[in-house]
Amino acid sequence: MIRFNAVSKSYPNGTTAVDDLSLELAEGGITVLVGPSGCGKTTTLRMINRMVEPTSGTVSLRGRDIREVHAPELRRGIGYVIQHAGLFPHRTILDNIATVPLLLGWSRKKARARAAELLELVGLPEEMAKRYPNQLSGGQQQRVGVARALGADPPVLLMDEPFSAVDPIVRAELQAEFIRLQKELHKTIVFVTHDIDEAIKLGDNIAVFRTGGKLAQFDTPEQLLAHPADDFVAGFVGQDRGIRRLSFVKAGEVPLRDGPVLTATTPVAQARAAAEAWLLVVDDGRRPLGWAPAAELPASGTLADASLVPLGHTFSLVGDSARAALDSALLSPARLAVGVDADGAVVGVADAQELSAVAAAEVGEPAANAEKADGDDR
Ligand SMILES: Nc1ncnc2c1ncn2[C@@H]1O[C@H](COP(=O)(O)OP(=O)(O)O)[C@@H](O)[C@H]1O
Ligand SMILES: [Mg+2]
């Protein structure tokens, strides 16, 4: 629905920001433009709403060359969100969100009612309406920026590094919220980021750019990780793409062992014979109770007498990905991921090494150091 046909952009100083770009972006999906700084992402994005005009080639929206559309009319159908939210500091949050409806000539009452709706939609409490931007956190301001861009319910949303300026935890929240919002709204979204993990999390399709404004690869996240087009893309998606690919492997495919899984009625002597460093103690219904470190077992009795370390996170064999299993292993005191079925009963456990072997098999690479890779990801 948004189509770049042999588009180039050179600036008067001779910089080629975008070089012969041909690309078709699907309606109702999230397309992520990703690549190192200065590779032409922002320029590409701004050519969609005519903030930047191409030097050559054409950009069309729903089959119509956008040069034929009066720029203000074009922009009415295209929301735009930028890094620091770009809020008006002297307007209240509600009036910031109402900006576009007011520009469209809506009555003040109708515009404010719409703004209140949007405030709720992006997950902000009502009492924020009367505040000013500097009274909000960075993450809250970013939500207001998204709400404002949605003001006139535009079918297309352009987002330029909208979550880059907030800390990693808030960023993860905003990303999750954004995925939820898009499930409701089905906008056609073009999302710029320099962060490949963000691209893989959010994109239905990903366009990887290299320096010089050249498109290196346009693919689904899964294809990008499995089959990078060249060394540049392979390097950019990282050596640990096996780990990233775990997001696309169903947790049900992870091989599990049940040697360390024992019921609370198991005699200590028998538990010792299992020769495991950590024992996962379960009840009669195989529901997990906690971890017993083998080195600290009581001299006699059953596992019910052992002192247990809390479980940490389990992963679901029915709903989760293998990536969730890896997180579960890394967060577990025993460094073992605990896989449970739909009823929460333990099926078995796997360690990070076993999980990273699954990842490596996926891409035909030697097993990466899962713990290190996970640390790098955060
Ligand atoms: N107005 C401008 N005048 C001259 N060069 C520019 C201008 N805007 C961007 N550039 C250059 O074009 C290239 C691409 O920039 P940009 O699209 O902002 O990249 P990105 O968003 O990927 O970081 C960079 O080399 C940048 O310095
Ligand atoms: Mg940029």
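Everything discussed here concerns the structure shown above.
Remember, it's a predicted structure, so these values are computed and weren't measured experimentally.

A. Spatial organisation of the pattern of salt bridges. What the rule picks out here adds up to 14 salt bridges. For R50, the salt bridge identified is with E53, shortest N-O distance 2.9 Å. Residue R50 is classed as buried on the basis of its relative accessible area, which comes to 18%. You can call E53 partly exposed: its relative accessible area is 32%.

B. The sheet that holds strand β14 (residues 314-316), seen in detail. Taking strand neighbours across the sheet as the criterion, the three strands line up as β14-β15-β16 in an open arrangement whose pairing is mixed. Unpaired on one side and paired on the other, β14 and β16 (346-351) mark the two borders of the sheet. Taken pair by pair, the neighbouring strands of this sheet meet at an average axis angle of 35 degrees, ignoring direction. The pairing of β14 with strand β15 (residues 336-340) spans three bridges and is parallel. By the bridge assignment, F315 is partnered in β15 with G339. Each of β14, β15 and β16 touches helix α13 (residues 322-331); the most contacted strand, β15, lies at about 130 degrees to it.

C. Layout of helix α5 (residues 108-121). Between the first and last C-alpha of α5 there are 20 Å, a value that for 14 residues agrees with the 20 Å anticipated at 1.5 Å per step. Buried within α5 are the following residues: A111, R114, A115, L118, L119 and L121. When α5 is viewed along its axis, its buried side chains cluster within an angular range of 155 degrees and face the same direction. In α5, the exposed residues that point more than 90 degrees away from the buried face are K109, E117 and E120. Turning to α5, the residues buried within the fold contact α3 (93-97), α4 (99-103), α6 (138-149) and α7 (168-185). Positive backbone phi, approximately 80 degrees, marks G123, located one or two places after α5.

The rules behind the values
Residues numbered from 1 in each chain as written. Chains lettered and ligands numbered in written order. Predicted model: local features only at pLDDT ≥ 70, side-chain atom pairs only at ≥ 80, totals over all residues. Heavy atoms only, no water. Salt bridge = Lys/Arg side-chain N within 4 Å of Asp/Glu carboxyl O. Buried < 20%, exposed > 50% of the residue type's maximum accessible area, 1.4 Å probe, protein only. Pairing = 2+ DSSP bridges. Helix = DSSP H or I, 4+ residues; strand = E, 2+ residues; numbered from the N terminus. Axes fitted to C-alpha atoms, helices over the stretch in contact; angles between N-to-C directions. Contact = heavy atoms within 4.5 Å. Expected span 1.5 Å × (residues − 1). Arc of directions from axis to C-beta.

From the geometry alone we can't say anything about function, so treat these as descriptive.
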